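Inside the fold
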Amino acid sequence: MSDQYELFLTCPKSLEGLLVEEATRLGLQDVREQVAAVRGQGDLETAYRLCLWSRLANRVLLVLKRFKLENAEELYQGVHDVDWEEHLDPAGSLAVEFSGHGSGIDNTHFGALKVKDAIVDRLRTAEGIRPKVDKVNPDLRVHLRLERGEAILSLDLSGHSLHQRGYRLQQGAAPLKENLAAAILLRAGWPRIAAEGGALADPMCGVGTFLVEAAMMAADIAPNLKRERWGFSAWLGHVPAIWKKLAEEAEARAETGLSQPPLWIRGYEADPRLIQPARNNIERAGLGEWVKIYQGELATFEPRPDRSQKGLVISNPPYGERLGDEASLLYLYQNLGERLRQACLGWEAAVFTGAPELGKRMGIRSHKQYAFWNGALPCKLLLLKVLPEQFVTGARRADGASSSDSNVSTQSEPARLSEGGQMFANRLQKNLKQLGKWAKREGIDCYRLYDADMPEYALAVDLYGDWVHVQEYAPPRSINPEKAQGRLLDALAAIPQALGIDPSRVVVKRRERQTGTRQYERQGSEGRFMEVSEGGVKLLVNLTDYLDTGLFLDHRPMRLRIQRESSGKRFLNLFCYTATASVHAAKGGARSTTSVDLSKTYLDWARRNLALNGFSDKHKLQQGDVMAWLTEDRGEYDLIFIDPPTFSNSKRMEGVFDVQRDHVQLLDLAMARLAPGGVLYFSNNFRKFQLDEGLSSRYSVTDISAQTLDADFARNAKIHRAWRFTTR
């Protein structure tokens, strides 16, 4: 074999440019960039050096052979012709990775099998000794990439991916890979800052990946110095003397680096469960003297060891994947910007985000942005200089003084609202002034404050005491998604300022058309229930875990009507949800209540609502399909309330209840259970619903929709329709 090899370095997508610079610096020649890889020429020492020192690569592949192929047999023959006796002992172990397709090979498993068979057949001895397959720790890991009819056959010198440095045995929920963290630090200018003696702080450090990678760079520690097993360890072409020389040089450099006074590198993490894992990772990396972790909330983040110290603040805030995350993330980014302006004047900052729109809400202009991929997620790195002239909020003092001046501190100011955000805030304050007086007079602490009053801000904003529940109506496809997201963020920025509400008490959800059982799907697991009052009863709501809160605010007048009319009555509540109407009926003196719903989750919630008000088991909760239950029930009721969903899963009606299609049968079944002189109330919120005209010929029917709307829903008269049924 020649002294020069073609070397192929793989890396995460978007790191190619940085890897070209790094590989060139480490001795690779004729370097060319490819998608998620670079290639070049180098000797064995260069290959070893890349394995040891590359902070960015995933794998270092030594190309054995390139050959054209048109079919699977040519693949087998091309691999078989390699002198595998120079690479692997017949009694050794082997793993094959195959990528690409074409030339009649469209299945990577089939391609890998062909490569394995060719190697094994070449090495099989007369005694039948042959390599075995070991996918975890093989003696030799072979990679073949098929690209436009050409096979590229390589040895993987790295073994396990080079991003696995060995120190991070414990990690958080969504950790950055080590080589991506290193790339972010390089783009953020950390090597320059470290060389100048600067500090580094991460206010949301998780298990400390940024901190360890930064310390290894600053202390000149080879990222894979502690790795014990390599892809070349059992390779017959391995030259231990070359490797030993490089490893000893790296050990000496690390010893020299660690003997220097450590830089000030600190991490802060709000979650106490991550503190010890982070500290364990730091100790495994041998950096306990360089890196310190403290528990602390972002709101109290203060990175400076002293007033004169400057450096880099680096952060990878959460991206938001759960229902309702937009509000909490908006305020997180606003708080991060506030802390940078207050505590980090003169520092540089790097914010890595999968939600660049939120990055704009920090109130500091980014002077440079880089596109990255975190796995399959497109992200951006925002680079900031924390200087007053870069602020886009009212963070600069009116007298022009800098918060870095002695005895001067920048006062916290709310984020400046956009023109649209200010208009939205003005509308909220106008509505609050009008509806607040009405709600106080009526003793109501849960009501709708805003319901898409301004078409461009298609939200419903509900107050639940000192909490705000925001529902975003999904924008039509004709609206640019980025523009819609920007308007949502404008509105979320305005809400706390306009209403004087703590930002942490704003919950946001997206409301789309619900089909099947989606109205019953759990959206989160915080389990945070709060108690509200209405008409003298106490009810439990949950603002975070479900699309709806457990209380339909628009039905407040109907619930109070039921309470007034229920004394001594037998009350039936169909599609009862959390049985709030049943609680009102019980409060009004109902002789008994029966509540029916398909969902065990909501019946459990209903049981808690009844118990919260001291009502006993005489108030029955029945789990079942309403149509089937009515068919079998033989009870008689004086007051019936039916508020069905537009659609719902059921074993009847071919698996789906459709309110438009099935309401006649539903009402006929329910009216058959109505006692003489009784009243049935029927409502639904399907905008296109049309009550069957034939019902009026059998029953006395009155449209009472206008009587079932309070002041907070006067702007949305179509929120629901309601009718009063009695027998003729």
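Structure shown above.
A brief look at the structure comes next. (Residues numbered from 1 in each chain as written. Predicted model: local features only at pLDDT ≥ 70, side-chain atom pairs only at ≥ 80, totals over all residues. Heavy atoms only, no water.)

Focus: the packing of aromatic side chains
- Here the structure, examined in full by the defined rule, presents 22 aromatic pairs.
- Arranged with centres 5.8 Å apart and planes meeting at 50 degrees, the rings of Tyr 546 and Tyr 602 form a pair that is tilted. Residue Tyr 546 is located in the loop between strand E21 (537-542) and helix H14 (556-565), and its partner Tyr 602 is located in helix H16 (residues 600-612); the two are separated by 56 residues in the primary sequence. The two residues Tyr 546 and Tyr 602 agree in class, both being buried.
- Centroid distance Tyr 577 to Tyr 602: 4.7 Å. Interplanar angle 55 degrees. Geometry classified as tilted. In this pair, Tyr 577 is assigned in the loop between strand E22 (570-574) and helix H15 (580-587) and Tyr 602 in helix H16, connecting sequence segments 25 residues apart. Considered together, Tyr 577 and Tyr 602 belong to a single accessibility category, that of buried residues.
- Put simply, the rings of Phe 529, Tyr 546, Phe 552, Tyr 577, Tyr 602 and Trp 605 pair up and form one aromatic cluster. (Phe/Tyr/Trp six-rings, centres within 6.5 Å; stacked < 30°, edge-to-face > 60°. Helix = DSSP H or I, 4+ residues; strand = E, 2+ residues; numbered from the N terminus. Buried < 20%, exposed > 50% of the residue type's maximum accessible area, 1.4 Å probe, protein only.)

Comments concerning helix H4 (residues 108-123)
- Its 16 residues place the ends of H4 23 Å apart at the C-alpha level, agreeing with the 22 Å of an ideal helix rising 1.5 Å per residue.
- Burial in H4 covers these residues: Gly 111, Ala 112, Val 115, Lys 116, Ala 118, Ile 119, Val 120 and Leu 123.
- N-capping of H4 is provided by Asn 107, with a side-chain oxygen placed 2.8 Å from the backbone N of His 109. (Expected span 1.5 Å × (residues − 1). Polar contact = N/O pair within 3.5 Å; in protein donor to acceptor, adjacent residues only side chain to side chain.)

Details of the pairing of strand E3 (residues 37-42)
- E3 sits mainly inside the fold: five of its six residues count as buried.
- Looking at chain direction, strand E2 (residues 29-34) and E3 are connected through four bridges and run antiparallel. Counted as the bridge partner of Arg 32 is Arg 39 from E3.
- The turn linking E2 back onto E3 is made up of two residues, and Ala 36 within it adopts a positive phi angle of 60 degrees. (Pairing = 2+ DSSP bridges.)

Quick notes on the side chain of Thr 46
- In this fold, Thr 46 is placed in helix H2 (residues 44-53).
- A polar side-chain atom of Thr 46 sits 2.8 Å from a polar atom in the side chain of Asp 43.
- Those residues in contact with Thr 46 that sit more than four places away from it in its chain are Leu 7, Leu 26, Gly 27 and Leu 28. (Contact = heavy atoms within 4.5 Å.)

Regarding the sheet that holds strand E15 (residues 377-385)
- Strand order in the open sheet made by the seven strands is E11-E10-E9-E12-E13-E15-E14, with mixed pairing throughout. Pairing within the sheet leaves two strands with one partner each, and these edge strands are strand E11 (291-295) and strand E14 (366-374). Along the sheet, successive strands turn relative to each other by an average axial angle of 20 degrees, direction set aside.
- Judged from the three bridges that link them, strand E9 (residues 199-202) and strand E10 (residues 265-269) form a sheet pairing that is parallel. By the bridge assignment, Asp 202 is partnered in E10 with Gly 267.
- In the packing of helix H5 (residues 178-187) onto the sheet, contacts are made with E9, strand E12 (311-315), strand E13 (348-353), E14 and E15, and the angle to E14 comes to roughly 165 degrees.
- In the packing of helix H7 (residues 209-218) onto the sheet, contacts are made with E9, E10, E11 and E12, and the angle to E10 comes to roughly 175 degrees. (Axes fitted to C-alpha atoms, helices over the stretch in contact; angles between N-to-C directions.)

Overview of the pattern of salt bridges
- Inspection of every chain in the model, using the stated rule, returns 38 salt bridges.
- With a shortest N-O distance of 3.2 Å, Glu 302 and Arg 339 are connected by a salt bridge. Of this pair, Glu 302 sits in the loop between E11 and E12 while Arg 339 sits in helix H10 (residues 325-343), and the two are 37 residues apart along the sequence.
- Taking the relative accessible area as the measure of exposure, Arg 339 reaches 10% and is therefore buried.
- Notably, a salt bridge pairs Glu 357 with Arg 361, separated by 3.5 Å at the nearest N-O pair. (Salt bridge = Lys/Arg side-chain N within 4 Å of Asp/Glu carboxyl O.)

Section: empty space enclosed by the protein
- Within this structure, the stated rule accounts for six cavities of 30 Å³ or more.
- One number sums up the size of the largest cavity: a volume of about 140 Å³.
- Sorting the residues of the lining of the largest cavity by element identifies H14, E22 and H15 as the ones contributing at least two each.
- Here the element with the most residues in the lining of the largest cavity is H14; it accounts for three residues.
- Across the lining of the largest cavity, the residue classes break down as nine nonpolar, three polar and two charged. (1 Å grid on protein atoms, 1.4 Å probe; cavity = no way out; pocket = protein on both sides within 12 Å on 5 of 7 lines; lining within 4 Å. Points joined across faces, edges and corners; volume = space filled by probe spheres on them. Nonpolar A, V, L, I, M, F, W, Y, C, P; charged D, E, K, R; others polar.)

Section: the packing of H2 against helix H8 (residues 240-259)
- With their axes 10 Å apart at the nearest point, H2 and H8 run at an angle of 35 degrees to one another. For the crossing formed where H2 meets H8, the hand is right-handed. Counting all contacts with H2, which are made through Glu 45, Tyr 48, Arg 49, Leu 52 and Trp 53, the residues of H8 involved are Ile 242, Trp 243, Lys 245, Leu 246, Ala 247, Ala 250 and Arg 253.
- Looking at the contact of H2 with H8 residue by residue, the classes come out as eight nonpolar, no polar and four charged. (Left-handed = near helix turned anticlockwise from the far one by under 90°.)

Description of the nonpolar core
- With 102 residues, the main nonpolar core has Leu 9, Val 79, Trp 84, Trp 190 and Leu 287 as its most contacted residues.
- Beyond its immediate stretch of four places on either side in the chain, Trp 84 contacts Leu 64, Val 79, Ile 119, Arg 122, Leu 123, Leu 140, Val 142, Leu 153 and Leu 155. (Core = buried A, V, L, I, M, F, W, Y, C linked by side-chain atoms within 4.5 Å.)

Topic: the packing of helix H12 (residues 419-442) against helix H13 (residues 481-499)
- With their axes 8 Å apart at the nearest point, H12 and H13 run at an angle of 40 degrees to one another. With respect to their mutual orientation, H12 and H13 come out oblique. For H12 against H13, the interelement crossing comes out right-handed. Together, Gly 421, Phe 424, Ala 425, Leu 428, Gln 429 and Leu 432 of H12 and Asp 490, Ala 491, Ala 494, Ile 495, Gln 497, Ala 498 and Leu 499 of H13 make up the contact between the two elements.
- Residue composition of the contact of H12 with H13, grouped by class: nine nonpolar, three polar and one charged. (Parallel < 35°, antiparallel > 145°, perpendicular 65-115°, else oblique.)

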